[in-house]
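Remarks on the overall topology
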Amino acid sequence: MDASEEIKIELRLTEDGSHTLHAAMVDECYHSTHGAIQESMHIFIDAGLRLMHKKELTIFEVGFGTGLNAFLAAQFAEQNQCDIRYISIEKYPVPVADAQKLNYADCIDPAQRTFFETMHQCRWNESYRLSPHFELKKIKGDFTSYLHTDTYDLVFFDAFSPEKQPEMWTAEVFGELYRHCHSGAILTTYCAKGAVKRNLLSAGFRVEKVPGPPGKREFLRGVKNEN
Ligand SMILES: C[S@@+](CC[C@H](N)C(=O)[O-])C[C@H]1O[C@@H](n2cnc3c(N)ncnc32)[C@H](O)[C@@H]1O
């Protein structure tokens with residue numbers, strides 16, 4: 001994909017009743033067609049955020065996209081009184097008008113619709129405290145050349161597939177992430193590919209395969225060992 005290209009997206013319904021987007025340029029959906037919310041909850045919240053047992057943490061996300069992972073993390077932050085700084089990079093932002101058609105707030109908590117829309121409306125490259133326990137910074141940029149300035153407790157690695165975007169899944173970019181993770185940090189991704197596992201291992205992560213949500217046998221989770 002080329003940064004100058006307008007991303008062509010189409011709204012689709014997944015099997016749990018929540019929306020996803022289909023991106024024509026990579027001919028892929030942003031989430032599992034078996035259920036977008038179900039997948040994000042399982043892989044990023046339950047197998048990542050819920051294991052942190054910290055009252056204050058910084059999350060880095062690769063691919064802001066629909067904002068679903070950020071939205072779920074924000075709900076978690078308020079429900080668990082856990083202070084989250086959420087930094088998310090995106091090269092091809094979803095237009096606000098398209099984001100407003102997504103039904104995540106309707107599926108999760110209709111009272112949070114304004115919050116969801118504000119996440120999309122707020123400016124790129126600035127930090128916003130959107131609720132008492134949740135701060136969001138969306139970075140408009142290319143992850144493969146991003147120079148990290150923060151250190152992370154948790155990484156939501158949610159790029160398009162390694163078949164379509166191999167440059168996002170290299171040992172080098174994982175190495176950069178590893179260097180910017182605190183010891184004990186977790187990286188979670190929907191992918192279960194052997195080549196990705198090897199690249200995570202060579203970057204320094206301890207890697208395990210974890211049982212996946214419905215429709216997906218397993219996925220990968222990396223941990224930076226405690227010193
Ligand atoms: C599988 S989608 C997931 C998005 C998001 N996490 C969500 O739940 O909607 C992958 C995302 O990575 C973004 N992306 C693709 N190439 C990128 C790059 N080089 N740097 C940053 N983001 C990129 C895409 O535009 C898309 O939003």
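Let me begin by describing the structure that accompanies this report. (Residues numbered from 1 in each chain as written. Predicted model: local features only at pLDDT ≥ 70, side-chain atom pairs only at ≥ 80, totals over all residues. Heavy atoms only, no water.)

Moving on: the environment of C29. When you line up the elements, C29 lands in strand 3 (residues 28-29). For C29, a relative accessible area of 18% corresponds to the buried category. Put simply, C29 and D109 are 80 residues apart on the chain and 24 Å apart in space, counted from C-alpha to C-alpha. Beyond its immediate chain neighbours, meaning those up to four positions away, C29 contacts R12, T20, L21, H22 and F160. (Helix = DSSP H or I, 4+ residues; strand = E, 2+ residues; numbered from the N terminus. Buried < 20%, exposed > 50% of the residue type's maximum accessible area, 1.4 Å probe, protein only. Contact = heavy atoms within 4.5 Å.)

Neighbouring the ligand are 20 residues; H31, G63, T66, E90 and D158 lie closest to it. At 3.3 Å from a nitrogen atom of the ligand is found a main-chain nitrogen or oxygen belonging to K91. Between the ligand and Q165 there is a distance of 3.0 Å, counted from a nitrogen atom to a side-chain nitrogen or oxygen. Starting from 590 Å² of accessible surface for the ligand in isolation, the protein chains cover 99%. When atoms are counted within 2 Å of each cavity's grid points, the one that captures over half of the ligand is the largest pocket. For the shell around the ligand, a count of residues per class yields eight nonpolar, seven polar and five charged. (Near = heavy atom within 4 Å. Polar contact = N/O pair within 3.5 Å; in protein donor to acceptor, adjacent residues only side chain to side chain. Areas by Shrake-Rupley, 256 points an atom, 1.4 Å probe, with all protein chains shown as cover. 1 Å grid on protein atoms, 1.4 Å probe; cavity = no way out; pocket = protein on both sides within 12 Å on 5 of 7 lines; lining within 4 Å. Sits in = over half its atoms within 2 Å of the grid points. Nonpolar A, V, L, I, M, F, W, Y, C, P; charged D, E, K, R; others polar.)

Bringing the sheet that holds strand 5 (residues 83-90) into the picture now. Pairing is mixed in the open sheet, where eight strands are placed in the order 6-7-5-4-8-9-11-10. The open sheet terminates on both sides in strands that have one partner only, identified here as strand 6 (127-131) and strand 10 (206-211). Averaged over all neighbouring strand pairs, the angle between strand axes comes to 20°, with direction disregarded. Strand direction decides the pairing type here: strand 6 and strand 7 (residues 134-140), joined by four bridges, are antiparallel. Within the sheet, the bridge partner assigned to S127 lies in strand 7 and is K137. (Pairing = 2+ DSSP bridges. Axes fitted to C-alpha atoms, helices over the stretch in contact; angles between N-to-C directions.)

None of the figures reported here should be taken as evidence of function without further support.
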